[in-house]
Amino acid sequence: MSQVYDAIVVGAGPVGSRVAYQLAHYGHKVLVVERHSNVGDAICCTGIVGKECLERFPVANSVVTNHARSATFISPSGKCLRMQKDTVQAYVVERTVYDCDLASQAQEEGAEYLLSARVNDITLVDHRVRAEVTCNGRSTDIESNVVIIGSGFGTQLPRKLSMGNVGDFVLGAQAEVAVREADETEVYFGQNIAPGFFAWLVPTSPGRALAGLLTRSNPGAYLNEFLASLAAQGKIESPDAQITRGGIPLKPLPRTYGQRVLVVGDAAGQVKPTTGGGIYYGLLCADIAADTVHTALLSDDFSAKNLARYEKDWKNMLGSELRVDYWARKLYEKLNDSQIERIFDIVQSNNIHEDLLQSPDFSFDWHGVSITRALRHRTLRKAIWTITRSVLPF
């Protein structure tokens, strides 16, 4: 490992592999450092990606296990609100296979992968940046012109580089379960199910589904209760399942660039605050990061001032969306069950969900437009305004 790389990418998830693919495609020498022994290990993700995402970032057909045209939203009292389109809106991907496919794409372009390797620290040295890596119990230093941190939520590397911490986050828990019948995704709301957030049952393949939820604390305990409820309803065969857990950022890092360093994906907080989905936004930002680094390599300018273009560009694309979605997220988190029921009733009785579905700008991936459109309905806007005044301090 004495050679110097053009770029080191920390993390071999979808975002890290996309950055590596783009940079290798441009002809640069890239090393991806992944702490797990295999790409795709230890994943806690439902694996739902929108049609737009798969069209823009194609993967092998074998990666996709299911598709979705519809979903049913279930209120705290059990009322169902079903939304359906004539065309496929989203796909379920097998995350381990998905990650491996993106890594293979990067390797085919020439990117190198170092597995079972943890980046402990990143320091600036002379005219390069040094990654202090522990690999299979042995320490080594690897130098490059720039480092891109894409190692997911919870990494301490941005904090060590004075980029701050993600300002808000939520905890998730999920389990694979056997189902008798599950034709479409079900989303459950209620403070007793997933306080402030929601739970889901997502069919992945015949007879199998993922059940999970998000909450501020004790996600495993709430998931056990949710699984018991699903079993009692006959929706899953047994509540006994292996639970995986993870954290999801709801706000971006204060700063996602520095001298010779960029941060992308969940590590940067580039995630939908409404659902916690981060694959598509992370991949979009990965391309921006790769373009920024490519330009820096051509000009041999890795200053923070030059790399600041990355943050400006991704915020121009996602900033407004993230702000609207986060406002909606914080509002919902303050609602009690009767207020959630009230919103369900207003949406259903005024066919607001149908109006959103028929809108030409309806999107699985961009929720800000739908939130804004929904608030144009006078009855819902009035109810939201009343609720906002009672639950939020502004």
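It should be emphasised that the depicted structure is a prediction, and the values quoted were computed from it without experimental measurement.

Draft legend 1. Inspection of the overall build of the chain at higher detail. Along the chain, the regular secondary structure elements total eleven helices and 18 strands. C-alpha extents for the chain along the principal axes are approximately 65 × 45 × 35 Å. When contacts within the chain are restricted to residue pairs at least 6 apart in sequence, those whose partners lie at least 24 apart make up 71%. Total accessible area on the chain stands at roughly 17600 Å², and carbon and sulfur atoms take up 47% of it. Between the mean site of the 40 positive side-chain charges and the mean site of the 43 negative ones, the chain shows a separation of 8 Å.

Draft legend 2. Structural detail: the sheet that holds strand β6 (residues 80-84). With respect to topology, seven strands assemble into an open sheet ordered β6-β5-β13-β14-β15-β12-β16, the strand pairing being mixed. Pairing within the sheet leaves two strands with one partner each, and these edge strands are β6 and β16 (243-249). For this sheet, the mean angle separating the axes of adjacent strands, direction not counted, is 20°. With three bridges connecting them, strand β13 (residues 185-188) and strand β14 (residues 199-205) associate as antiparallel partners. The partner of E186 across the bridge, within β14, is L201. Its contacts with the sheet put helix α5 (residues 219-232) on β12 (169-178), β13, β14, β15 (208-215) and β16, and the angle it makes with β15 is roughly 135°. Most of the contacts of helix α8 (residues 337-349) go to β6, to which it runs at about 45°, and overall it touches β5 (70-74) and β6.

Draft legend 3. Main features of helix α3 (residues 95-108). Its 14 residues give α3 an end-to-end C-alpha distance of 20 Å, which sits within 8% of 20 Å, the value for a rise of 1.5 Å per residue. For α3, the set of buried residues is R95, Y98, D99, D101, L102, A103, Q105 and A106. Packed against the buried residues of α3 are α1 (14-25), α2 (51-56), β7 (90-93), β8 (112-114) and α6 (279-299). Looking at the residues trailing α3, positive phi occurs at G110, about 115°.

Draft legend 4. Structural detail: unusual backbone geometry. With a phi angle near 50°, N218 is a residue other than glycine that sits in the positive phi range. The phi dihedral of D300 is positive, around 55°, even though this residue is not glycine. Looking at the element boundaries, D300 is found in the loop between α6 and α7 (304-333).

Draft legend 5. Region of the structure containing the sheet that holds strand β4 (residues 64-68). The strand order across the open sheet built from three strands is β3-β7-β4, with neighbouring strands paired in antiparallel fashion. The sheet is open, and its two edges are formed by β3 (48-50) and β4, each paired on a single side. Recorded for the sheet is a direction-independent mean angle of 30° between the axes of neighbouring strands. Note: β3 against β7, three bridges, orientation antiparallel. Across the sheet, residue V49 finds its bridge partner in β7, namely Y91.

Draft legend 6. Expanded view of the nonpolar core. By size, the foremost hydrophobic cluster in this structure holds 50 residues, and its most contacted members are L23, C53, Y98, Y113, I148 and Y310. Only β1 (4-10), α1, β2 (30-33), α2, α3, β11 (138-149), α6 and α7 provide two or more residues apiece to this core. Looking at this core, the element that brings in the most residues is α6, giving 13 residues. The contacts of C53, once residues within four sequence positions are left out, are Y98, I279, Y280, L283 and D365. Grouped together as the second largest cluster of nonpolar side chains are 29 residues, F197, V271, I352 and L380 included.

Draft legend 7. Main features of the pairing of β11. Pairing of β1 with β11, which is carried by six bridges, proceeds in the parallel orientation. Opposite Y5, over in β11, you have S144 as the bridge partner. Two strands pair when backbone bridges link them, and strand β10 (residues 128-135) and β11 are joined in this way by seven bridges, in the antiparallel orientation. Across the sheet, residue C135 finds its bridge partner in β11, namely R138. Counting the residues that bridge the hairpin from β10 to β11 gives two residues, and of these N136 lies at a positive phi of roughly 55°.

Draft legend 8. Layout of the pattern of salt bridges. Summed over the entire model, instances satisfying the criterion amount to 18 salt bridges. Here R95 makes a salt bridge to D99, at a shortest N to O gap of 2.9 Å. Here R95 pairs with D99, and both are found in helix α3, just four residues apart, close to one helical turn. Exposure class is identical for R95 and D99. Each is buried.

Draft legend 9. How the structure looks around the environment of Q107. Looking at where Q107 falls in the secondary structure, it is placed in helix α3. Separated by 87 residues in the primary sequence, Q107 and A20 place their C-alpha atoms 8.4 Å from one another.

Cut-offs applied
- Sequence order sets the numbering: in each chain, residues are counted from 1 along the sequence as written.
- Given that the model is predicted, a residue must reach a pLDDT of at least 70 before its local features are reported, and side-chain atom pairs must reach 80 or more before they are shown or counted; all residues, however, enter totals for whole chains, interfaces and linings.
- Computation of side-chain values: all heavy atoms of the structure, hydrogens and water removed.
- A helix here means a DSSP run of H or I that spans at least four residues, while a strand means a run of E at least two residues long, and both kinds are numbered starting from the N terminus.
- Note on contacts: a residue pair qualifies if any of its non-hydrogen atoms lie within 4.5 Å across the two residues.
- Values of accessible area rely on a 1.4 Å probe in the Shrake-Rupley scheme; residue burial ignores everything except the protein chains shown.
- Working convention for charge: Lys and Arg count positive, Asp and Glu count negative, and His plus the chain ends are omitted.
- Charge placement uses NZ in Lys and CZ in Arg. For Asp and Glu, CG and CD serve respectively.
- Note: two strands are recorded as paired if DSSP finds a minimum of 2 bridges between them.
- Axis geometry follows a simple rule: fit a line to the C-alpha atoms, using only the stretch in contact for helices, then measure angles between N-to-C directions, giving values from 0 to 180 degrees.
- Helix span, expected: 1.5 Å multiplied by one less than the number of residues in the helix.
- Remark: exposure states derive from per-residue accessible area (1.4 Å probe, protein chains only) relative to the maximum for the residue type, with buried under 20%, exposed over 50%, and partly exposed in between.
- In these notes, a set of buried Ala, Val, Leu, Ile, Met, Phe, Trp, Tyr and Cys residues joined through side-chain atoms within 4.5 Å is what counts as a nonpolar core.
- A carboxyl oxygen of Asp or Glu within 4 Å of a side-chain nitrogen of Lys or Arg is what we treat as a salt bridge.

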